[in-house]
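# Secondary and tertiary structure notes
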Amino acid sequence: MDVSYIIDGLNDAQREAVTEQSDHLLVLAGAGSGKTRVLVHRMAWQMQVNRVPATGLLAVTFTNKAAKEMRHRIEGMMNIPSRGLWIGTFHGIAHRLLRSHWKDANLPENFQVLDSDDQLRMVKRVMREAQIDEAQFPPKQAQWWISSQKDEGLRADNIQENPGDHFTSTMVRVYRQYEKLCQQSGLVDFGELLLRSHELWLHRPELLAHYQQRFQHILVDEFQDTNTIQYAWLQVLASNRVPLTVVGDDDQSIYGWRGAKVENIQQYQRDFPNARLVKLEQNYRSTKLILKAANGVIDNNQGRLGKELWSDGVDGEPVSLYAAFNEQDEANYIADTITSWVQDGNLRAECAILYRSNAQSRVLEESLMRQGIPYRVYGGLRFYDRQEIRNALAYLRLVHYRRDDAAFERVVNLPPRGIGAKSLADLRQYAGEQSISMWESAQRMLDAGQMKGRAKTGLQKFLSIIEELSALAEHGTLHGLMQQTIDDSGLKEYHASEKGEKGQGRVENLEELVNALTTYEVEEGIDPLSEFIAQAALDAGEAQAEDHEDSVQLMTLHSAKGLEFPLVFMAGVEEGLFPHSMSLEEPGRMEEERRLAYVGITRAMKKLIITYAESRRLYGQEKFNALSRFVREIPGDCIQEVRLRNTVTRPAMVARPNESMFSQESAKQSGFSLGQRVMHPKFGEGTVMNSEGSGHHTRIQVNFDDGAKWLVLAYAPLEAC
DNA sequence: AGCAGAGTAGTTTTT
DNA sequence: CTACTCTGCT
């Protein structure tokens, strides 16, 4: 048997990870060490050498993107259709299980997936019904709380309430009512998918046994990101019957704040004591100096599993550090640098600008725009997250499944058809009393003549729209149904009449939705409508279509995980911003910030440029943040400060917080000359040692008489004297 | 139903 | 500073 195509071109550690015959294997895969490659090759190895049929493999990822990529690569490698392979996200796989075993899971056959938007609506409804003060207990917080409990594998009954803990007891009350409402409406939120399929394993041993027999190998990607319920799910499924390979990197665990438990790596080693450990430490992405910088930073974390990236590549250039005067200057410097990068014959798409929080993108965008540099911002609203799309989908959900109260509430009066808050409250009350769905409640109240006036006609209209669409769904195509939906519902017309470009864009999105459905295909025997609705709920799609233009990539450090770029900028690397002020207190959170820094640094292939601003306007206030501790953790020999156009020497940094030296009003005060005596209202007199530029961008270095040196932007209220 | 003005919060994000 | 939410008025 020729297995060379599986193991050729792998390094020793990679080959060991691919071919390891032990049932349990933990692969600690550093950034850029060929993690996905190992995962895919190991799957191929199982099929080719261990004779595992494609249907006997289960590969679990966190994002749909990762699942897609893995599927693609295995197809290319094995030259087989990937149909039989179970590759998917935790949620996708859980959903698939619940769909097959809805009865055993105590769900209606047509149960729907509730996304976080609809989840919030349901939480709000519950809180209003229970008359809980929304000012004291924000629904958002309740939603987050409930999701966290589910991530921890806890139902309302499992939560311990301490006497006097008003918060917890209120939350439990909401949780319990929310669960009841979801169950009644056949709705399952993201956390519930996992929780319930975990319970399915526990309550139906014969089902568990069936899958344990079926799966002959389980592989998990990004294992450091698993939360409690995901780990429990895996643990029960694998127990000691199914070989389980997990791949992860404790140094890249950056989602602790949403429930991910790095400790699951150690837990895995405890639960599966025979597990073999393979470390992938050779990095194929970055230069030696960049890796040294990354290692230097992450070395400051305690309790790491221990792993040091190395490369046999070139040293490369040291990391650059640019001290900007303010966030404008920072953005301009980045844009300038990109311009010369492009002038040197490189692509804009090879550059990424990474930042800690989304709010930072604005100034960067403005600079890029001013310089005419095309860019693309990642993150933001994805296609299926857009209001207009979700509204259109809510119609389809009702067509598919009348009991979907979340969908009913969402669109019963959208576009407005005279069903106001009062009528809705009546409907809800009746539904609650009779334990029936909103849909049924509407029907019965109409039949009983309990609706009148505008509400009556509006509701009748709404019900008949859904009924008519249902008739169409029986025999028509999916895109025909969608077209009919946006027309008949009045959604299209409604958005078209919205003023401004907003409405225009929404109509375009709706048309795009219809358009996307013309090519939508599903396997035979599967109901296309229900498949499509489920897919839309579980995969929100990309925020923007692939752009073909060569453009600079802007994103948060979090969303950069897994990506790589020849030239990387890390902007706003300041105490308070990165590490974020919210993470300064707890050591655990600080370590997560540090891992984020590690992720950022290891995105760079050839060149990394770190920038920070000595003065930054944030929330309308001027802040003087110190350089981030993470920069100070980079070994001195792999970092180099950028001198300002070789003319101004950056003086010793003297941080004097709370003293605003700058004000736009005095921008006219510029044109300083060497040796000129200046006066600062707070710091006294000094001498201009250097200056360049004019207006806003005049940079001057002042040696104050008290010995402090300052580098300032000359829109400071300095007065010549 | 729709708008204007007040008020307020303000990391990171996937499913 | 800004973007979003809520309230109260027409």
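Each value, and the rule that gives it
- Residues numbered from 1 in each chain as written.
- Chains lettered and ligands numbered in written order.
- Predicted model: local features only at pLDDT ≥ 70, side-chain atom pairs only at ≥ 80, totals over all residues.
- Heavy atoms only, no water.
- Helix = DSSP H or I, 4+ residues; strand = E, 2+ residues; numbered from the N terminus.
- Near = heavy atom within 4 Å.
- Polar contact = N/O pair within 3.5 Å; in protein donor to acceptor, adjacent residues only side chain to side chain.
- UniProt positions renumbered as here; feature names shortened; annotations may be inferred.
- Contact = heavy atoms within 4.5 Å.
- Salt bridge = Lys/Arg side-chain N within 4 Å of Asp/Glu carboxyl O.
- Buried < 20%, exposed > 50% of the residue type's maximum accessible area, 1.4 Å probe, protein only.
- Domains from an automatic or database assignment.
- Buried area = accessible area lost by both parts, 1.4 Å probe.
- Pairing = 2+ DSSP bridges.

### Here's the deal with the environment of Glu 501
Of note, Glu 501 is situated in helix α23 (residues 500-517). In sequence terms Glu 501 and Thr 63 are 438 residues apart; their C-alpha atoms lie 32 Å from each other.

### A closer look at unusual backbone geometry
Backbone phi values are negative for most residues with the exception of glycine, while trans is the configuration of most peptide bonds. Going from Leu 414 to Pro 415, the amide bond is cis rather than trans, its omega being 0°. Residue placement: Pro 415 occurs in the loop between α17 (405-411) and α18 (421-434). The linkage connecting Phe 578 with the following residue, Pro 579, adopts the cis geometry, with an omega of 10°. Residue position: Pro 579 is located in the loop between β13 (565-570) and α26 (587-601).

### Overview of the protein's contact with DNA strand C
Close contacts around DNA strand C come from Arg 362, Tyr 619 and Gly 620, and that covers them all. Arg 362 is positioned with one of its side-chain polar atoms (N or O) 2.5 Å from a phosphate oxygen of DNA strand C. The backbone of Gly 620 places a nitrogen or oxygen atom 3.5 Å from a sugar or linking oxygen of DNA strand C.

### A look at the UniProt feature "binding site: ATP" (unreviewed entry) in chain A
As annotated in UniProt, the feature "binding site: ATP" (unreviewed entry) corresponds to Ala 29, Gly 30, Ala 31, Gly 32, Ser 33, Gly 34, Lys 35 and Thr 36 in the numbering used here. Within the secondary structure layout, Ala 31 lies in the loop between β1 (24-29) and α3 (35-48). Residues in contact with Ala 31, not counting those within four places in the same chain, are Asp 249, Gln 252, Asn 283, Arg 285, Leu 309, Thr 602 and Arg 603. In this structure, Gly 34 sits in the loop between β1 and α3.

### A few points about the pattern of salt bridges
In the structure shown here, the tally under the stated rule is 52 salt bridges. With a closest N to O distance of 3.1 Å, Lys 607 and Glu 317 form a salt bridge. Here the residue Lys 607 occupies a position in strand β14 (residues 604-618), and Glu 317 occupies one in the loop between α13 (288-298) and β9 (319-326), the gap between them amounting to 290 residues. On the accessibility criterion, Lys 607 (12% relative accessible area) is buried. A residue is classified by how much of its surface remains accessible, and Glu 317, at 48% relative accessible area, is partly exposed. Between Arg 428 and Glu 409 there is a salt bridge whose closest N-O contact spans 2.9 Å. Of this pair, Arg 428 sits in helix α18 while Glu 409 sits in helix α17, and the two are 19 residues apart along the sequence. Linked through salt bridges whose partners overlap, the residues forming this network are Asp 115, Asp 117, Asp 118, Arg 121, Arg 390, Arg 397, Asp 404 and Arg 410.

### Quick word on the domain arrangement of chain A
We note that the domain assignment places domain 1 (4-102 + 194-282), domain 2 (112-185), domain 3 (319-382 + 544-649), domain 4 (385-535) and domain 5 (664-720) within chain A. Placing a centre on the C-alpha atoms of domain 1 and another on those of domain 3 gives a separation of 34 Å. Taken together, the contact between domain 1 and domain 3 spans 15 residues of the former and 11 residues of the latter. Overall, the association of domain 1 and domain 3 removes approximately 1000 Å² of surface from exposure, summing both partners, and the carbon and sulfur fraction of that is 53%. Counting across the interface, domain 1 meets domain 3 through two salt bridges. Note that Lys 561 is salt-bridged to Asp 225, the shortest N-O span being 2.7 Å. In this structure, the connection of domain 1 to domain 3 is made through five residue pairs in polar contact (both at pLDDT 80 or more).

### Focus on the pairing of β13
In regular strands, side chains alternate between the two faces of the sheet. Most of β13 is tucked away: six of the six residues are buried. Sheet topology note: the strand β10 (residues 351-355)/β13 ladder contains four bridges and is parallel. Across the sheet, the residue bridging to Cys 351 is Leu 567, located in β13. Bridge count for β13 against β14 is five bridges, and the pairing is parallel. Within β14, the residue paired with Val 568 across the bridge is Leu 608.

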